[in-house]
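Overview (structure and organization)
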Amino acid sequence: MPRVYNFAAGPGTLPLPVLEEVAANFVDYHGEGMSLIEMSHRGAIFTDIIEETRLLVRELLDVPETHDILFLQGGGHLQFAMVPLNLLGAAAEASYIVNGTWSRKAAQEAAKFCHVNAINVNASLGVPDASDIIVANDAAYLYYCQNETVNGLEFNFIPAAPDCVPLVADISSNFMSRTVDWSRHSLVFAGAQKNFGPAGLTIVIVRKDLLGLTTESCPTMLDYSVHAKAGSMYNTPPTFAIWVANLVCKWIQAEGGVAQMDQRARVRADLIYNQIDNSGGFYINSIPKKARSRMNVVFTLEESALTDLFAAEAAKAGLKNLKGHRSVGGLRASLYNAMPEQGARALAEFMQSFMKRHG
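Quick summary incoming for the structure in this document. (Residues numbered from 1 in each chain as written. Predicted model: local features only at pLDDT ≥ 70, side-chain atom pairs only at ≥ 80, totals over all residues. Heavy atoms only, no water.)

Overview of the overall build of the chain
Worth spelling out the cut-off: Helix numbering and strand numbering both begin at the N terminus, where a helix is a DSSP run of H or I of at least 4 residues and a strand a DSSP run of E of at least 2. Using a 1.4 Å probe on the protein chains alone, a residue whose accessible area is under 20% of its type maximum counts as buried, one over 50% counts as exposed, and one in between counts as partly exposed. Note on contacts: a residue pair qualifies if any of its non-hydrogen atoms lie within 4.5 Å across the two residues. Each accessible area is a Shrake-Rupley estimate made with a 1.4 Å probe; only the visible protein chains count as cover when residues are assessed. Residues scored as positive are Lys and Arg, those scored as negative are Asp and Glu, and His as well as the terminal groups of each chain are ignored. Every charge is mapped onto a representative atom, which is NZ of Lys, CZ of Arg, CG of Asp or CD of Glu.
Across its full length, the chain carries nine helices and 14 strands. Among the 359 residues that make up the chain, the fraction classed as buried is 56%. The long-range fraction of contacts in the chain, counting pairs at least 24 apart against all pairs at least 6 apart in sequence, stands at 68%. Counting only carbon and sulfur atoms, one obtains 51% of the accessible surface of the chain, whose full area is about 15,300 Å². Taken as two groups, the 29 positive and 35 negative side-chain charges of the chain have centres that lie 6 Å from each other.

Re the pairing of strand β2 (residues 67–72)
Extensive coverage of β2 is indicated by the burial of six of its six residues. Judged by which residues are buried, β2 turns out to be covered on both faces: His67, Ile69 and Phe71 on one side and Asp68, Leu70 and Leu72 on the other are all buried.

Thoughts on the sheet that holds strand β11 (residues 283–284)
Quick note on the threshold: Should DSSP find at least two bridges between two strands, the strands are regarded as paired. Structural elements are reduced to axes, namely lines fitted to C-alpha atoms, with helices fitted over the stretch in contact, and the angle between N-to-C directions of any two is expressed from 0 to 180 degrees.
The strand order across the open sheet formed by three strands is β11-β12-β14, and the pairing between neighbours is antiparallel. At either margin of the open sheet sits one strand with a lone partner, and together these are β11 and β14 (331–334). As paired elements, strand β12 (residues 296–301) and β14 share four bridges and run antiparallel to each other. By the bridge assignment for β14, Asn296 is matched with Ser334. In the packing of helix α7 (residues 257–277) onto the sheet, the strands contacted are β11 and β12, and the crossing angle to β12 comes to about 20°.

Focus: the pattern of salt bridges
The following threshold applies: Salt bridges are counted wherever a side-chain nitrogen of Lys or Arg sits within 4 Å of a carboxyl oxygen of Asp or Glu.
Scanning the model with the defined rule gives 17 salt bridges in all. One salt bridge in this structure joins Glu109 and Lys112, with 3.2 Å as the shortest N-O distance. You can call Glu109 partly exposed: its relative accessible area is 21%. Here Lys112 falls in the exposed class, since its relative accessible area comes to 60%. Glu313 is the salt-bridge partner of Arg357, the closest N and O atoms lying 2.7 Å from each other. A residue pair is termed long-range when its members are at least 10 positions apart, and Arg357 in helix α9 (residues 341–358) and Glu313 in helix α8 (residues 307–316) qualify at 44 residues. Residue classification places Glu313 among the partly exposed residues on the basis of a relative accessible area of 21%.

Thoughts on the sheet that holds strand β4 (residues 115–119)
Pairing between sheet strands relies on hydrogen bonds along the backbone, with the strands arranged either parallel or antiparallel. Read from one edge of the open sheet, seven strands run β2-β10-β9-β8-β5-β3-β4, paired in mixed fashion. Lying at the two open borders of the sheet, with one neighbouring strand each, are β2 and β4. Averaged over neighbouring strand pairs, the angle between their axes works out to 20° when direction is ignored. Across the sheet, helix α2 (residues 44–60) touches β2 and β10 (202–207), and the angle it forms with β2 is around 130°.

Quick word on the state of the cysteines
Spelled out, the test is: The disulfide definition used here is simple: a pair of cysteine sulfur atoms within 2.5 Å.
Per the stated rule, a full pass over the model turns up zero disulfides. Among the cysteines around Cys145, which has no disulfide bond, Cys114 carries the closest sulfur, lying 18 Å off.

A closer look at the environment of Pro219
With respect to the helices and strands, the residue Pro219 is situated in the loop between β10 and α5 (224–229). When the C-alpha atoms of Pro219 and Lys250 are compared, they prove to be 35 Å apart, with 31 residues separating the residues in sequence.

Observations regarding the environment of Glu59
By secondary structure assignment, the location of Glu59 is in helix α2. The exposed category is assigned to Glu59, whose relative accessible area is 53%.

Topic: the packing of aromatic side chains
Here is the rule we go by: Pairing of aromatic side chains here covers Phe, Tyr and the six-membered ring of Trp, requires ring centres within 6.5 Å, and sorts the geometry by plane angle: under 30 degrees stacked, over 60 edge-to-face, intermediate tilted.
Evaluation of the coordinates by the stated rule reveals 18 aromatic pairs. Ring centres 5.1 Å apart and planes at 75° place the aromatic pair Phe310 and Phe354 in the edge-to-face group. Pair noted here: Phe310 is in helix α8 and Phe354 is in helix α9, with a separation of 44 residues, a long-range link. Phe354 shares its class with Phe310; the two are buried. Pairing Phe350 with Phe354 gives two aromatic rings, centres 5.9 Å apart and planes at 35°, and the pair type is tilted. You can see Phe350 and its partner Phe354 sitting in helix α9, four residues apart, about one turn around the helix. Taken individually, Phe350 and Phe354 each receive the classification buried, so the pair is uniform in this respect.

Shown next, in the form of structure tokens:
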């Protein structure tokens, strides 16, 4: 059957050329007589892949040599624990901007290790004003989730912290869709399954001078410095996921780089937000425009009973996985890098048609 437009929040859609490359070389990797996933992670072929992937990430995001690039596992949930375990040092407190589902989960996990100073705990407020972010000089770090997939919120500014306080960002759902200011960010992490590859790979980019702050009680596998020293191969890394991420990096590079991904993201998001804003209240998005996500457009219907019908009719039209997160309901269109502009146009046209038929 023809490919549909997949609006899932994660695992999300991947570039078709990448999928075709994987399919063509999955059983016999470039004439080696075996699949890459059967090869030793310490062999020359995979060693070249992981090193090339690290270089591609460094080039695409202009990561300076002051920061190390780690390929880990465990997803964002494990990072919720690894961040405090690695960055607290002797500090007793960390500051968390809590404005959505994932930042709240991160703060709850960090509270097992330290006192959490929670900022802007009401998700309905969206992204806090910069002036409301007050961080003590003795905080171990300031943490924020740059894009909240469940709530459809995205920061359009970089939160300010005292110079002595490292800034940490969860950029899972907008990774490779916008640039990162490395002069401001000390650590960022991202699960690959949104914009970067399949589930199972987590990338961490951390300032090198922050490595080695863990206590002796920190489990070995949760210590960033252990993975940094081993080149992300202290244990067997997720070889398949790293191979796909390598191909995604090359696709982004060929398509014009991160700046082009950002421009396309804005075009796709505007197509859907314009449909919502011009629907006369049939579609509702209550998020302030300055805090709207380019990656995850959330909306509800004025007549909520039509929600299931909308999702079902959309699926029949080849527009799949539009239901909102189970915790909030409604509808959600995830518009990651691999979503073509035509996919967003098709959804906007369907929204207009649905409104004419049921409004």
